[in-house]
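Coordinate inspection notes
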Amino acid sequence: GAVVSQHPSWVICKSGTSVKIECRSLDFQATTMFWYRQFPKQSLMLMATSNEGSKATYEQGVEKDKFLINHASLTLSTLTVTSAHPEDSSFYICSVSRPGRDYSPLHFGNGTRLTVT
Amino acid sequence: SQQGEEDPQALSIQEGENATMNCSYKTSINNLQWYRQNSGRGLVHLILIRSNEREKHSGRLRVTLDTSKKSSSLLITASRAADTASYFCATDRNSKLTFGKGITLSVRP
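Below, the structure is looked at part by part. (Residues numbered from 1 in each chain as written. Chains lettered and ligands numbered in written order. Predicted model: local features only at pLDDT ≥ 70, side-chain atom pairs only at ≥ 80, totals over all residues. Heavy atoms only, no water.)

Description of the overall build of chain A
Looking only at helices and strands, one finds zero helices and 11 strands in chain A. When the helices and strands of chain A are placed in sequence order, the string is β-β-β-β-β-β-β-β-β-β-β. Principal-axis analysis of the C-alpha atoms places the extent of chain A at approximately 40 × 30 × 20 Å. Looking at chain A residue by residue over its 117 residues, the buried ones come to 48%. Sequence separation of at least 24 residues holds for 53% of the intrachain contacts in chain A that already meet a minimum separation of 6. Approximately 6,000 Å² of chain A is accessible, and the part contributed by carbon and sulfur atoms is 50%. The average position of the 11 basic charges and that of the 9 acidic charges among the side chains of chain A differ by 5 Å. (Helix = DSSP H or I, 4+ residues; strand = E, 2+ residues; numbered from the N terminus. Buried < 20%, exposed > 50% of the residue type's maximum accessible area, 1.4 Å probe, protein only. Contact = heavy atoms within 4.5 Å. Areas by Shrake-Rupley, 256 points an atom, 1.4 Å probe, with all protein chains shown as cover. Lys, Arg positive; Asp, Glu negative; His and termini not counted. Charge placed at Lys NZ, Arg CZ, Asp CG, Glu CD.)

Shown next as structure tokens:
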């Protein structure tokens, strides 16, 4: 069964509004979750690492005030795209790594297709 | 910055044939992983090979790793139409995964 649940699977919003995407770890407690962004026919680009109980670590070039990440519990991380613009339209995917294991592969959610009109 | 680079970018084969996909990278790694993505979906982990391993098998999958050439290959044997998807290699360095651009595999029935 699914290890990671991501919601919503798609969302259309108007320019200037904010959108929240949820990522839940179903199978285990995840102290760390990762948020990726993927443009059509492109690779996944790591946006940030979400750490439970502390601030997220953002990759270079990612605006932390625009992409707000909250990891308030061991099973839930949220990504909020604030004041969305059409250029924020993309496929956002979260992933978790099973804790306590070396070289653990990532488990991915099914992604959220964001379209900003 | 991009780490893994796959080739070819697109591959079309007949069902039953083998598919070979290659990945090259630039820096040292802890391990290399291959993932599959169906259109509009999340990624599914296929196989992981550690930096001290040279070859690994999982069902119809065979992955090799040559750290001296900084390259890896993924072989899918006896391909099926259901194998049609995008395949990504990802290099793990200090627990941070960096993905390549992916290879689009089409298996014709």
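Section: unusual backbone geometry
Excluding glycine, most residues fall at negative phi; most peptide bonds, likewise, are trans. In this chain, His7(A) is followed by Pro8(A) through a cis amide linkage whose omega measures 0°. One can find Pro8(A) in the loop between β1 (4–7) and β2 (10–13). Here Ala78(B), not a glycine, exhibits a phi torsion of approximately 45°, which is positive. Along the chain, the position of Ala78(B) falls in the loop between β8 (71–76) and β9 (85–93).

Description of the pattern of salt bridges
All names here are of chain B. Going through the model one piece at a time under the given rule, you end up with five salt bridges over all chains. Of the charged contacts, one joins Asp 83 and Arg 60 as a salt bridge, the two residues approaching to 2.9 Å between their closest N and O atoms. Residue Asp 83 is found in the loop between β8 and β9, and its partner Arg 60 is found in the loop between β6 (55–58) and β7 (61–66); the two are separated by 23 residues along the sequence. (Salt bridge = Lys/Arg side-chain N within 4 Å of Asp/Glu carboxyl O.)

So, the environment of Pro40(A)
All names here are of chain A. Secondary-structure assignment places Pro 40 in the loop between β4 (32–38) and β5 (44–51). Taking the relative accessible area as the measure of exposure, Pro 40 reaches 60% and is therefore exposed. Taking C-alpha positions, Pro 40 is 16 Å from Val 11, a pair spaced 29 residues apart along the chain.

What to know about the interface of chain A and chain B
Interfaces are often sized by the amount of accessible area the parts lose when they come together. Taken together, the contacts link 19 residues of chain A with 20 residues of chain B. Roughly 1,500 Å² is buried in total at the junction of chain A and chain B, and carbon and sulfur atoms are behind 56% of that figure. At the junction of chain A with chain B, the criterion picks out five residue pairs in polar contact (both at pLDDT 80 or more). Taken together, the residues of the side of chain A that touches chain B sort by class into 11 nonpolar, six polar and two charged. (Buried area = accessible area lost by both parts, 1.4 Å probe. Polar contact = N/O pair within 3.5 Å; in protein donor to acceptor, adjacent residues only side chain to side chain. Nonpolar A, V, L, I, M, F, W, Y, C, P; charged D, E, K, R; others polar.)

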